Amino acid sequence: MNLHLHQSRNEMGIAAAKAVEDRIEELLKEKEYIRIIFAAAPSQTEMLNYLTSSKKIQWDRIIGFHMDEYIGLSKDSPALFSNFLKRHLFDCVPFHQVHLLDGEVNPDIEVQRYSKLLNEAPIDIVCLGIGENGHIAFNDPPVADFNDSFTVKKVTLDTLCRQQQVNDGCFGQFSEVPETALTLTIPALTNGNYLFCVVPGTAKKAAVYQSLFGEISTSCPGSILRQLENCELFLDTGSNPFPIQKEEKTFNITAIDVLSNRPVLLNTISNTRVLLPADFEVDEYVGEGLVDIQINGIKGVDFNTTLTKPEAILECTKYLLSKGVTTYYPTIVTNGFDTILQLVETINKACQAYPLVNSCVAGLHIEGPFISSEPGAKGAHPEEFTRNPSIAFLDQLQEISLKPIALITLAPELEGSEEFIRICTKRGVKVSIGHSLATGAHVQMAKDAGASLATHLGNGVPLNLQRHPNIIWELMAQEGIYASLIADGFHLPPSFLKVVFRAKGDECLLVSDATCFAGMAPGEYDSPIGGKVVLEASGRLSMKGANGLLAGAGKDLLENIDYLLESQLLSLSEAWKKASVLPLKYMAGDKVSNKDWVLFKVKDKVVNIQKVYKDGELVSDQTLEK
């Protein structure tokens, strides 16, 4: 939904009419005739007055409908909606055709007749309002159905709805208002290609408030409009519900959407966004939760040692949430089979014991042991545990793991890789190429078998490579092979990052590859995968006495975004997208619905997390912690 706020009722009506006028012009460039449904209510008067005065609209190419009508009123009654629309629209301009609901004939027959007319072709535009009880047309709360199987139906009017007709001056007293009516159903209206909703006046403020901030339910039928990207909502000063009431603020956020750079009203529970006017004043950003598909540990917690306890993984999860990471894939690196199975069991126990861990751990990333043993390619992985792919071990992993084995990094030049990749792909396990010296033929084979990612492209290879061809060029050239990158300022130079961003576009993901030393104080530490390591104040993590060879990463995913902003390699929008939406889409597909949100500010090109929502619920509030 796109929200438009105006200072007066007249300004609101004219703005809505101009938006309808523009859409009509655009549609008539593509179609011979267009079909429009109009609401009949005093709330629509200003919009209708402007439309009838328009010199741009070719009315003889428009087929008109209306959306509801009383049952039992005589045809000359001024309260009939059909007569209202004749006075304000249908008799004022030369429509190609106008189809009116008849409330004097048999309702069942009229329902069939009007439904047939409506269903002859798609409805292009719907001009509607919201009632004082939240109704759309005459879909009052007691009879509203978001999944109604009917196009038109007979309804009994709610008491509040009937009173509104008196409030609007359509009837002198409550007893005069008919008790039944015909109405287009909610799906009949919301299936229109473009919706323009005009809601003025203080009497509608409560209904607008519930439509925007309340639960999406038939208790306020107008709330369904919040889910529609093709709906434009126009309000005046009277119906404007801002500022949000304090008690509702927990689940309703007004901030700049980091991806669209537009102010939005976000409801974290219903996972709906309303676009606010561009000049709406907000000083915070909101973005979908960060997703780290390669993380070995954080803040002293190591996923690759059997000494780690489930309660430590809970603390690790809390720390990641405070850094905006709402979904992560614990990454288990090269080790003995028995040790890897023990590490998986520890993660199982953490997920069983702590619901927060279970909600944040989406699956496991197994990085090795099916990788190259060659120097440079193996990186800091222990050579003695590298080996050829084993389907039997995959079976063991999948049998014991509570979470999906979601991603496996391997070197496709190893014997048995092709069959292994095909079996993984068939089982829904994604395969990534990494820690490898594969040739172009190996890369092509892996892709054909189902591999779809390059693990930390540009790393896990020797310092010196053949000019061309080499594995980096081969992976860069492959369409359909995503690339994950560590953008911490140490693993890759800015020029390389620029090239990959340009070459891969939205097939490029950010990962932290963080070790347990990320978030720790600078110093020397013992690492299970690199022996003695040195963490510098800058965040650089290297193996001691190995000529500066990196030993994984000392920065979290949020710090990768900070580096990209500071170095001006990506905009905030692009950096956040590559660390949130794109990795989630890669791992879970288009159908996944993300209900994880991060509210943050940016100062001096550094992201400062304010609040974090997991599954719509507030789980980390930095503003309170400070």
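Remember, it's a predicted structure, so these values are computed and weren't measured experimentally. (Residues numbered from 1 in each chain as written. Predicted model: local features only at pLDDT ≥ 70, side-chain atom pairs only at ≥ 80, totals over all residues. Heavy atoms only, no water.)

Trainee: I'd like a rundown of the packing of aromatic side chains, residues and numbers included.
Mentor: Counting across every chain of the model gives 21 aromatic pairs. Note on Phe38 and Phe90: the rings are 6.1 Å apart at their centroids and 80 degrees apart in plane angle, and the pair reads as edge-to-face. One end of the pair, Phe38, is in strand S2 (residues 34–38); the other, Phe90, is in helix H3 (residues 81–90), with 52 residues separating them in the sequence. One aromatic cluster is present, formed by Phe38, Trp59, Phe90 and Phe95 through successive ring pairs. Here Arg23 stacks its cationic end above the ring of Tyr194, 4.0 Å away from the centre of that ring. Positioned over the ring face of Phe337 is Arg387, at 4.3 Å from the centre of the ring. (Phe/Tyr/Trp six-rings, centres within 6.5 Å; stacked < 30°, edge-to-face > 60°. Helix = DSSP H or I, 4+ residues; strand = E, 2+ residues; numbered from the N terminus. Lys NZ or Arg CZ within 6 Å of the ring centre and 35° of its normal.)

Trainee: Could you give an account of the sheet that holds strand S25 (residues 523–527), naming the residues involved and the relevant values?
Mentor: The antiparallel open sheet is built from 3 strands, whose spatial order is S25-S26-S27. A single partner strand is all that each edge strand has here, and the edge strands are S25 and strand S27 (541–543). Strand-to-strand twist of the sheet, defined as the mean angle between neighbouring strand axes without regard to direction, takes the value 30 degrees. For S25 and strand S26 (residues 531–535), the ladder comprises 5 bridges, and the chain directions are antiparallel. Residue pairing across strands places Asp526 opposite Lys532, the latter belonging to S26. (Pairing = 2+ DSSP bridges. Axes fitted to C-alpha atoms, helices over the stretch in contact; angles between N-to-C directions.)

Trainee: Tell me about unusual backbone geometry, and please be specific about residues and values.
Mentor: The step from Phe242 to Pro243 runs through a cis peptide bond, and the omega angle for that step is 0 degrees. Tracing the chain through its elements places Pro243 in the loop between strand S10 (231–235) and strand S11 (252–257). In this structure, Pro469 follows His468 across a cis peptide bond, with omega equal to 0 degrees. Position of Pro469 relative to the elements: it lies in the loop between strand S22 (453–454) and helix H14 (471–477). Positioned with a positive phi, Lys299 is a non-glycine residue whose angle comes to about 50 degrees. Topologically, Lys299 is positioned in the loop between strand S16 (297–298) and strand S17 (301–302). Classification of Lys299 by relative accessible area gives partly exposed; the value is 42%. (Buried < 20%, exposed > 50% of the residue type's maximum accessible area, 1.4 Å probe, protein only.)

Trainee: How would you explain the nonpolar core if you had to name every residue and give the values?
Mentor: In this structure, Tyr328 and Leu564 are the most contacted members of the largest nonpolar core, which totals 82 residues. When residues of this core are assigned to their parent elements, the largest contribution, 7 residues, is made by helix H9 (residues 337–353). (Core = buried A, V, L, I, M, F, W, Y, C linked by side-chain atoms within 4.5 Å.)

Trainee: Quick rundown of the sheet that holds strand S8 (residues 180–184)? Include the residues and the values.
Mentor: One open sheet holds the 3 strands; their spatial order is S4-S8-S7, and the pairing between them is antiparallel. In this open sheet, the two strands that pair with only one neighbour each are strand S4 (68–70) and strand S7 (152–156). In this sheet, neighbouring strand axes are inclined to one another by 20 degrees on average, regardless of whether the strands run parallel or antiparallel. Alignment of S7 against S8, held across 5 bridges, turns out to be antiparallel.

Trainee: So what's going on with the packing of helix H12 (residues 417–427) against helix H13 (residues 440–449)? Residues and values would help.
Mentor: Where H12 contacts H13, the axes come no closer than 8 Å and their chain directions differ by 30 degrees. Relative to H13, the element H12 lies roughly parallel. As for how H12 packs across H13, the hand of that crossing is right-handed. Note on element contacts: H13 touches H12 through Met445, Ala446, Asp448 and Ala449, opposite Glu418, Ile421, Arg422 and Thr425. When grouped by side-chain class, the residues that make up the contact of H12 with H13 number 4 nonpolar, 1 polar and 3 charged. (Parallel < 35°, antiparallel > 145°, perpendicular 65-115°, else oblique. Left-handed = near helix turned anticlockwise from the far one by under 90°. Contact = heavy atoms within 4.5 Å. Nonpolar A, V, L, I, M, F, W, Y, C, P; charged D, E, K, R; others polar.)

Trainee: Could you give me a rundown of helix H5 (residues 159–167), with the residues and numbers involved?
Mentor: Regarding H5, the residues found buried are Cys161, Arg162, Gln164, Gln165 and Val166. Looking at the buried residues of H5, the elements they touch are S4 and H3. Just downstream of H5 lies Gly169, where phi reads positive at about 85 degrees.

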